[in-house]
Amino acid sequence: MKASEKLLLTLFAVLLLGGGALVMWDLYRDKRDALSDERDLLTLEMVEIEALLEERDLWMERADWLEENQPPYASRDQIDNAIFEDAQAVNADGVTTSAIQLLDAVETPHYVEASVSLTATGTVEDVFGWLHELQRPEEFRSIRRLEVGSDPEDDALIVCDLELSRWYANRKPQ
């Protein structure tokens, strides 16, 4: 082999090794970046898990409170009767209700929601006092929709169209 051929072969080998090294460096850098991104993601998840663990006792306490206080779902008739009775405002002084209409119950694996649509009439203080009393946390009731307007016949009264809901635990009663 001539000296020029040896030089050409050496140059070719150096170029081949250099190209291979460059390709390997690109692969290494891509893998390093992917692993770095995964490490950052796992670090973030760890921070989130630690934050949730710090709040664990609070959420366990809330779950226990729900277990003890949320009324169990018994039957569709019972929950319909209870929400209908709530809507009649029997114990609310100065509040009259009308146009009470049961809405379809919503059932999920964790709760059953019974709802009723109604119109309440009375003074501002009486109606909002009644609505406030209805929504105590231990009663598991809430107002989903509320439209308030003045009574066309008496300016001292208001008329509220609302949807009242109550949640029941979707578990067998003990």
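Residues numbered from 1 in each chain as written. Predicted model: local features only at pLDDT ≥ 70, side-chain atom pairs only at ≥ 80, totals over all residues. Heavy atoms only, no water.

**Comments concerning the nonpolar core**
The biggest cluster of nonpolar side chains holds 21 residues, and the ones touching the most others in it are Val95, Leu118, Ala120, Trp130, Leu131, Leu162 and Leu164. Those elements giving two or more residues to this core turn out to be α3 (76-87), β2 (111-122), α4 (124-134) and β4 (158-169). Setting aside anything within four residues of it in sequence, one finds tryptophan 130 in contact with Asp86, Ala87, Ala89, Ala92, Val95, Thr97, Leu118 and Ala120. (Core = buried A, V, L, I, M, F, W, Y, C linked by side-chain atoms within 4.5 Å. Buried < 20%, exposed > 50% of the residue type's maximum accessible area, 1.4 Å probe, protein only. Helix = DSSP H or I, 4+ residues; strand = E, 2+ residues; numbered from the N terminus. Contact = heavy atoms within 4.5 Å.)

**Quick look at the side chain of glutamine 70**
Tracing the chain through its elements places glutamine 70 in the loop between α2 (56-69) and α3. In this view, glutamine 70 contacts Trp65, Tyr111, Phe140, Trp167, Tyr168, Ala169 and Arg171; residues no more than four positions away in its chain are not counted.

**Notes on a negative patch on the surface**
On the surface, Asp57, Glu61, Asp64 and Glu68 cluster together to form a negatively charged patch. Locating glutamate 61 in the fold gives a position in helix α2. (Patch = residues over 30% accessible without salt bridge, like charges linked within 9 Å, V, L, I, M, F, W, Y side chains within 5 Å. Areas by Shrake-Rupley, 256 points an atom, 1.4 Å probe, with all protein chains shown as cover. Salt bridge = Lys/Arg side-chain N within 4 Å of Asp/Glu carboxyl O. Lys, Arg positive; Asp, Glu negative; His and termini not counted. Charge placed at Lys NZ, Arg CZ, Asp CG, Glu CD.)

**Some remarks on the sheet that holds β2**
Across the sheet, four strands lie side by side as β1-β2-β4-β3; this open sheet has antiparallel pairing. Each end of this open sheet is capped by a strand with a single partner; those strands are β1 (96-107) and β3 (141-150). Averaged over neighbouring strand pairs, the angle between their axes works out to 15° when direction is ignored. Of the strands in this sheet, β1, β2, β3 and β4 are in contact with α3, which crosses β1 at around 150°. (Pairing = 2+ DSSP bridges. Axes fitted to C-alpha atoms, helices over the stretch in contact; angles between N-to-C directions.)

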